[in-house]
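Okay, here's what each chain looks like letter by letter:
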Amino acid sequence: MRVFNFAAGPSTLPVPVLEITQKELLDYQGTGMSITEMSHRGKPFMAVNDEANALLRELMNIPEDYSVLFVQGGASQQFAAVPLNLLQKGKADYILTGNFAQKAYEEGLKYGDMAVAASSKDAKYTFIPDVNDMKFRDNIDYVHMTYNNTIFGSRFTELPKTDATLVTDMSSNILSEVVDVKKFGLIYAGAQKNIAPAGVTIVIVKKDLLGKASPICPTMLNYAIQDKNDSLYNTPPCFSIYVAMLVFRWLKELGGVPAMQKINEEKAKILYDFIDNSSFYKNNVNKKDRSLMNVPFVSPSEELDAKFIKEAAANGLVSLKGHRIVGGMRASIYNAMPIEGVKKLVEFMKKFEMENK
Ligand SMILES: *Cc1c(COP(=O)(O)O)cnc(C)c1O
């Protein structure tokens, strides 16, 4: 039986996509084999690679002067790839809004003169610093921000004001809301939250930033080389790219990102409204900065949190345990989580509150 899976990543995928994957696994389009068993340079896979690329461009409205790369190593690999490709003057500023932002900054420190432009660390990352108060240094190569903070459940609703190249980690909110790609020099995202199985990492980079990589940049991390080779410099994560293509088709059919955003806003509203009207559950994130994708919450005690997680799982609502550095619960309600899943969760929360108040 399928459960409602609130995992933060890898996370739930759309059922229609899983069904197609299952159907095509023994015989992909009359080839007599699955997409994972054939050459990545053969026609069938090249067509998948091209369609995935074209669909992502269409869904995100990515302008011609940007390259879309499918690479490996996860978002964490990009923490190094970004400075290795973009540093010219040797300086960049980071906005610390969570654990992954901190990790990106620490990795960056290995390669250049990095500074923290703003941080909410002292408040346990419960808010996004005001973009109007952010001061960036002169002569920096880029400003790095984490658009949606997967662990703490916050997100930017306004972009930092800077003339420097804006770089963002969009791992947990890519394709969940409309974003103006033109505002960024570089967007990267691991696929395993909103797109596909773990394996592929999306990089969307403005073409005029290519070809300036540091001489020590590993070949595999060099965006210009990946771009020149249509992301097929070496063997790509074929299965992950194939499922990504199916997810992009699914999303397009649904009405694209604007339609998805409406559904996501509705899902998040159901959950936040319920939490805010309850004296039992609490979400500590500044209201304006709340994530549409990851909703952390607590009950009155750690004992009740543990009981909640256990009983929810017994009711087909799984992977609700919060990240170990935050505790409590976290409901990740990515694109593939249907609205019924959120409604079922709220019903369960009501019942649990009544029984344990
Ligand atoms: C999950 C996540 C990461 C880490 O991704 P990997 O692909 O596991 O390296 C980085 N940043 C954000 C915002 C994430 O949600």
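Quick caveat, the model's predicted, so the values are computed rather than measured.

Calculation notes
All chains use their own residue numbering, which begins from 1 and follows the written sequence. Thresholds applied to this predicted model are a pLDDT of at least 70 for local features of residues and 80 or more for the giving and counting of side-chain atom pairs; totals over whole chains, interfaces and linings are not thresholded and use all residues. Processing note: side-chain calculations cover all non-hydrogen atoms of the structure and skip hydrogens and water entirely. Runs of E in the DSSP output that reach at least two residues are strands. Runs of H or I that reach at least four are helices, and both are numbered from the N terminus. The contact criterion used is simple: two residues touch if any of their non-hydrogen atoms lie within 4.5 Å. By nonpolar core we mean a set of buried residues, namely Ala, Val, Leu, Ile, Met, Phe, Trp, Tyr and Cys, connected to one another through side-chain atoms within 4.5 Å. Note on exposure labels: buried denotes an accessible area under 20% of the residue type's maximum, exposed denotes more than 50%, and partly exposed covers the range between, all computed with a 1.4 Å probe on protein chains only. Pairing of aromatic rings covers Phe, Tyr and the six-membered ring of Trp, with a centre-to-centre limit of 6.5 Å; geometry is then stacked below 30 degrees between planes, edge-to-face above 60, and tilted otherwise. Any pair of nitrogen or oxygen atoms within 3.5 Å is treated as a polar contact; in protein, a donor-acceptor pairing is required on top of that, and neighbouring residues in sequence qualify only through side-chain atoms on both sides. As used throughout, domain bounds are those supplied by an automatic or database domain assignment. The term buried area means the drop in 1.4 Å probe accessible area that two parts suffer when joined, counted for both and summed. Within this document, salt bridges are pairs made up of a side-chain nitrogen of Lys or Arg and a carboxyl oxygen of Asp or Glu, the two lying within 4 Å of each other. Any residue with at least one heavy atom within 4 Å of a molecule or strand is counted as near it. Computed with the Shrake-Rupley method and a 1.4 Å probe, the accessible areas treat only the protein chains shown as cover for residues.

Draft legend 1. Region of the structure containing the side chain of Ser299. If you trace the backbone, Ser299 turns up in the loop between strand S11 (294-297) and helix H8 (302-314). Not counting residues up to four positions away in its chain, the partners in contact with Ser299 are Phe280, Tyr281, Leu304, Asp305 and Met329.

Draft legend 2. Geometry of the nonpolar core. Ranked by internal contacts, the top residues of the largest apolar core, which has 57 residues, are Leu56, Met60, Leu175, Ile195, Ile204 and Phe248. The set of elements that each furnish at least two residues to this core consists of helix H2 (43-60), strand S2 (66-71), strand S5 (142-146), strand S9 (186-190), strand S10 (201-206), helix H6 (238-253) and helix H7 (256-276). When residues of this core are assigned to their parent elements, the largest contribution, 11 residues, is made by H6. Apart from the residues within four sequence positions on either side, Phe248 is in contact with Ala52, Leu55, Leu56, Leu59, Leu175 and Ile195. Of all hydrophobic cores here, the second largest spans 31 residues; its members include Phe79, Val82, Leu86 and Ala92.

Draft legend 3. Just the packing of aromatic side chains, in detail. Counted by the stated rule, this structure contains 16 aromatic pairs. Note on Tyr94 and Tyr142: the rings are 5.9 Å apart at their centroids and 70° apart in plane angle, and the pair reads as edge-to-face. Placement of Tyr94 in strand S3 (residues 91-96) and of Tyr142 in strand S5 is noted, with a sequence separation of 48 residues between them. Here Tyr94 matches Tyr142 in class, with each residue buried. Here the aromatic cluster, defined as three or more aromatic residues joined through ring pairs, consists of Phe274, Phe280, Tyr281, Phe297, Phe308, Phe348 and Phe352.

Draft legend 4. Representation of the environment of Gln102. Along the chain, the position of Gln102 falls in helix H4 (residues 99-108). In this structure Gln102 touches Leu96, Lys121 and Tyr125, once residues within four positions along its chain are discounted. A distance of 3.5 Å separates polar atoms of two side chains, one belonging to Gln102 and the other to Lys121.

Draft legend 5. Here's a closer look at the domain arrangement of the chain. Entries for the chain in the domain assignment read domain 1 (15-253) and domain 2 (256-356). Centre-to-centre separation of domain 1 and domain 2, based on C-alpha positions: 27 Å. Taken residue by residue, the interface counts 26 residues in domain 1 and 25 residues in domain 2. With both sides pooled, the region where domain 1 packs onto domain 2 buries about 2,100 Å², and carbon together with sulfur makes up 56% of that total. For the interface between domain 1 and domain 2, the tally reads 0 salt bridges. In this assembly, domain 1 and domain 2 are joined by 13 residue pairs in polar contact (both at pLDDT 80 or more). If you list the elements that add at least two residues to the side of domain 1 that touches domain 2, you get strand S6 (148-149), strand S7 (154-155) and H6.

Draft legend 6. Representation of the site of the ligand in the model. Taken together, 13 residues lie around the ligand, and Ser76, Thr150, Asp169, Gln192 and Lys193 are the ones closest in. Interatomic distance of 2.6 Å between a side-chain N/O atom of Ser76 and an oxygen atom of the ligand. Here an oxygen atom of the ligand and a side-chain polar atom of Gln192 are 2.9 Å apart. If the ligand stood free it would expose 380 Å²; the protein chains cover 86% of that surface.

Draft legend 7. How the structure looks around the pattern of salt bridges. In this structure the tally under the stated criterion is 17 salt bridges. With its nearest N and O atoms 3.4 Å apart, the salt bridge here joins Lys110 to Glu107. Since its relative accessible area comes to 23%, Glu107 is described here as partly exposed. The residue Arg137 makes a salt bridge to Asp113 at a minimum N-O spacing of 3.0 Å. Here Asp113 lies in strand S4 (residues 113-119) and Arg137 lies in the loop between S4 and S5, a separation of 24 residues in the sequence. One salt-bridge network, held together by shared partners, links Asp93, Asp113 and Arg137.

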